[in-house]
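# Tertiary structure, described
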Amino acid sequence: MSENDSEYWFCLKHHAVEPGAGCRANDRLGPYPSEAEAARALEKVAERNEAWENDPAWNDNQENDEA
């Protein structure tokens, strides 16, 4: 078993978890340490996007820029 066999990726093209070698890197999220974590990839993306959108340090508010 190679080192990459213990990594899992989520394929955006096939909406499936892939171990090690799989689809091209541009079509995948990861690596994740387990198959279960890779299966949650899209949930994690949504959670991180929501946190970023609600982070006042990164929230560009055009109303404040006009003042």
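Everything in this summary refers to the structure shown in the same document. (Residues numbered from 1 in each chain as written. Predicted model: local features only at pLDDT ≥ 70, side-chain atom pairs only at ≥ 80, totals over all residues. Heavy atoms only, no water.)

## With respect to the pattern of salt bridges
- All told, the structure shown has four salt bridges when counted by the stated rule.
- Its salt-bridge partner being Arg28, residue Glu18 comes within 3.9 Å of it at the nearest N-O pair. Taken together, the residues Glu18 in strand S2 (residues 16-19) and Arg28 in strand S3 (residues 28-32) connect sequence positions ten residues apart.
- Judged by its relative accessible area of 11%, Glu18 is buried.
- The partner of Asp27 in a salt bridge is Arg24, and the shortest N-O contact between them spans 3.2 Å.
- A single network of salt bridges, built from pairs that share partners, joins Arg40, Glu43 and Glu47. (Salt bridge = Lys/Arg side-chain N within 4 Å of Asp/Glu carboxyl O. Helix = DSSP H or I, 4+ residues; strand = E, 2+ residues; numbered from the N terminus. Buried < 20%, exposed > 50% of the residue type's maximum accessible area, 1.4 Å probe, protein only.)

## Some thoughts on the sheet that holds S3
- If you trace the three strands from one edge of the open sheet to the other, you get S2-S1-S3, paired in antiparallel fashion. Every interior strand has two partners, whereas the edge strands, S2 and S3, have only one. Here the strands of the sheet are splayed against their neighbours by 25° on average, with no regard to which way each runs.
- Where strand S1 (residues 8-11) and S2 come together, four bridges link them in antiparallel fashion. Along S2, the bridge assignment pairs Tyr8 with Pro19.
- Each of S1 and S3 touches helix H2 (residues 41-53); the most contacted strand, S3, lies at about 100° to it. (Pairing = 2+ DSSP bridges. Axes fitted to C-alpha atoms, helices over the stretch in contact; angles between N-to-C directions. Contact = heavy atoms within 4.5 Å.)

## Description of the side chain of Asp27
- Tracing the sequence through the fold places Asp27 in the loop between S2 and S3.
- Assessed through its relative accessible area of 18%, Asp27 is described here as buried.
- Contact partners of Asp27, with chain neighbours within four places excluded, come to Phe10, Cys11, Leu12 and Lys13.

## What about the environment of Phe10?
- For Phe10, the position within the fold is in strand S1.
- On the basis of relative accessibility, which here comes to 6%, the residue Phe10 falls in the buried class.
- Along the chain, Phe10 and Ala39 lie 29 residues apart, while their C-alpha atoms are 6.6 Å from each other.
- Residues in contact with Phe10, not counting those within four places in the same chain, are His15, Ala16, Val17, Asp27, Arg28, Leu29, Ala38, Ala41 and Leu42.

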